[in-house]
Amino acid sequence: MSLFLDVLAGKKARTPPPIWMMRQAGRYLPEYREVRAKAGSFLGLCGNPELAAEVTLQPIRRFDFDAAIIFSDILTVIMALGHAVTFDEGPKLPPLEPHREAVAALQRDPARWRPVLAPVCEALALARAGLSHDKALIGFAGAPWTLATYMAGGGNDEQKAARLWAYRDPESFDALLALLVDCVSQHLIWQFEAGAEAVQIFDSWAGGLPPVLFERCVVKPTQAIVEKVRAAVPNAPIIGFPRGTGLTGLLDYAEATGVDGLSVDPAIDLGLIAAAEGPVLQGNLDPLALVAGGDALRTGVESILKATKHVPFIFNLGHGILPTTPIEHVHELLKLVRGTR
Ligand SMILES: Cc1c2[nH]c(c1CCC(=O)O)Cc1[nH]c(c(CCC(=O)O)c1C)Cc1[nH]c(c(CCC(=O)O)c1C)Cc1[nH]c(c(C)c1CCC(=O)O)C2
């Protein structure tokens, strides 16, 4: 079994810990930029299984990370529901009308989701075939709340449109979340069937919600996904990443959803959360400390390793790697985490 899966199964602390990075296939790598140019567009790259598998493997070849994450995007699920998604310096979606009719018009037949999501599964099979057995392959999906924030009209604006919709018309917003729970669960199950050995659920906009909305829109839908996926794939290893929730939100989420792993954002004191009995921890270096390098990187890594010395732990960033990250800093990070290995 790979070091990553062994630790995620909660067996024990390992020194050095397994390491991978969110968004590890991306624009900071020249070989990624080359394939991306060949594909023509980001969505073209996501929809081409050979090229998607190739960029999935690039960071493993270059850095020998312990896990590969399949190259795709969380917004593919929205496309499977029949809602338009384009990318132009970030995602651009026409806002879904906050009414029952608009939700009812979305595609709810799994047979119609399948052709849109199949390239992800084909890429997973190709990537798994290209990985050695000591490396794990991670699938992923966006969480219903974060996907709904993009559908309602933008994520990075305190999620105003989605929050207003959730307050003003709870019935249709909950129907949207329920549909997203079904499609995300099915997508994750298909990914396991195609060769994923663990999955991560990205809830990038889980932070800043009042407790009632956090419970209703983040915790409950994620709990339902974990249940559905485990019903189809017994013991499926699942990592949750509810970003920006603070310590108590994170602990509530972990306990209620039953995820195996918790990806922790940079604002959380890992020492405090390591002291609480909970899921396997993953995280949480500030991506900007990796951009900066030097002392910021060294002290950041040291404090994370010290805080997690006695608990099962997976080293990662606290959010995705930034396109401006110097490649030498990633090598330096690996040296700091792995010593001379
Ligand atoms: C919110 C979100 C999205 N996508 C994702 C999230 C959740 C994580 C997070 O909070 O960052 C998740 C994601 N996006 C991508 C992956 C691939 C796997 C990985 O390496 O982690 C994953 C796991 C590729 C990508 N997704 C995107 C890129 C850049 C596209 C390019 O090559 O031009 C990549 C490599 C585009 C994307 N996709 C999305 C945005 C906001 C953007 C634009 C921002 C940006 O350009 O970095 C939506």
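Shown above is the structure to which this text applies.
All values derive from a computational prediction rather than experimental measurement.

1. Observations regarding the site of the ligand
Thinking step 1. Around the ligand there are 22 residues in total, and R23, R27, Y32, D73 and S204 lie nearest to it.
Thinking step 2. The side chain of S204 places a nitrogen or oxygen atom 2.5 Å from an oxygen atom of the ligand.
Thinking step 3. Considered on its own, the ligand offers 870 Å² of accessible surface; in the complex 88% of this is hidden by protein.
Thinking step 4. Partitioning the shell around the ligand into residue classes produces 13 nonpolar, 5 polar and 4 charged.

2. Here we look at the packing of helix α7 (residues 110–129) against helix α10 (residues 170–194)
Thinking step 1. It is the contact of α7 with α10, at a shortest axis distance of 9 Å, that shows an interaxial angle of 35 degrees. Crossing of α7 against α10: the hand is right-handed. Here P110, W113, R114, L117, V120, C121, L124 and A125 of α7 lie close against α10, whose contacting residues are L179, D182, C183, Q186, H187, W190, Q191 and A194.

3. A short note on the packing of aromatic side chains
Thinking step 1. By the definition in use, this model includes 10 aromatic pairs.
Thinking step 2. Residues Y28 and F63 carry aromatic rings whose centres are separated by 6.4 Å and whose planes lie at 10 degrees to one another, so their mutual orientation is stacked. Of this pair, Y28 sits in the loop between α1 (3–8) and α2 (30–39) while F63 sits in helix α4 (residues 49–63), and the two are 35 residues apart along the sequence.
Thinking step 3. Accessibility expressed as a relative area gives 4% for Y28, which makes it buried.
Thinking step 4. By relative accessible area, which is 3% here, F63 ends up buried.
Thinking step 5. For the pair W165 and F173, a centre-to-centre distance of 5.5 Å together with 65 degrees between the ring planes defines the contact as edge-to-face. We note that W165, like F173, is buried.
Thinking step 6. Grouped by ring-pair contacts, the aromatic residues Y32, F42, F71 and F87 constitute a single cluster.

4. Quick look at α10
For the α-helix, the turn length of 3.6 residues means that residues three or four positions removed from each other point alike.
Thinking step 1. The end-to-end C-alpha distance of α10 is 36 Å, a good match for the 36 Å that 25 residues give at a rise of 1.5 Å each.
Thinking step 2. Of the residues flanking the end of α10, it is G195, one or two places downstream, whose phi is positive at about 130 degrees.

5. Thoughts on the side chain of T222
Thinking step 1. For T222, the location among the structural elements is in helix α11 (residues 211–232).
Thinking step 2. For T222, a relative accessible area of 1% translates into the label buried.
Thinking step 3. In this structure T222 touches I201, D203, Y253 and T257, once residues within four positions along its chain are discounted.

6. Details of the pattern of salt bridges
Thinking step 1. Scanning the model with the defined rule gives 13 salt bridges in all.
Thinking step 2. E31 is paired through a salt bridge with R62; the nearest N and O atoms lie 2.8 Å apart. In this pair, E31 is assigned in helix α2 and R62 in helix α4, connecting sequence segments 31 residues apart.
Thinking step 3. Overall, R62 belongs to the partly exposed group, its relative accessible area being 31%.

7. So, the side chain of S72
Thinking step 1. Within the element layout of this structure, S72 appears in the loop between β1 (67–69) and α5 (76–80).
Thinking step 2. Of the residues examined, S72 reaches a relative accessible area of 10% and is grouped as buried.
Thinking step 3. Once residues within four sequence positions are removed from consideration, S72 is found in contact with F42, C46, V120 and F140.

Rules and cut-offs
Residues numbered from 1 in each chain as written. Predicted model: local features only at pLDDT ≥ 70, side-chain atom pairs only at ≥ 80, totals over all residues. Heavy atoms only, no water. Near = heavy atom within 4 Å. Polar contact = N/O pair within 3.5 Å; in protein donor to acceptor, adjacent residues only side chain to side chain. Areas by Shrake-Rupley, 256 points an atom, 1.4 Å probe, with all protein chains shown as cover. Nonpolar A, V, L, I, M, F, W, Y, C, P; charged D, E, K, R; others polar. Axes fitted to C-alpha atoms, helices over the stretch in contact; angles between N-to-C directions. Helix = DSSP H or I, 4+ residues; strand = E, 2+ residues; numbered from the N terminus. Left-handed = near helix turned anticlockwise from the far one by under 90°. Contact = heavy atoms within 4.5 Å. Phe/Tyr/Trp six-rings, centres within 6.5 Å; stacked < 30°, edge-to-face > 60°. Buried < 20%, exposed > 50% of the residue type's maximum accessible area, 1.4 Å probe, protein only. Expected span 1.5 Å × (residues − 1). Salt bridge = Lys/Arg side-chain N within 4 Å of Asp/Glu carboxyl O.

On their own, these measurements won't tell you what the molecule is for.
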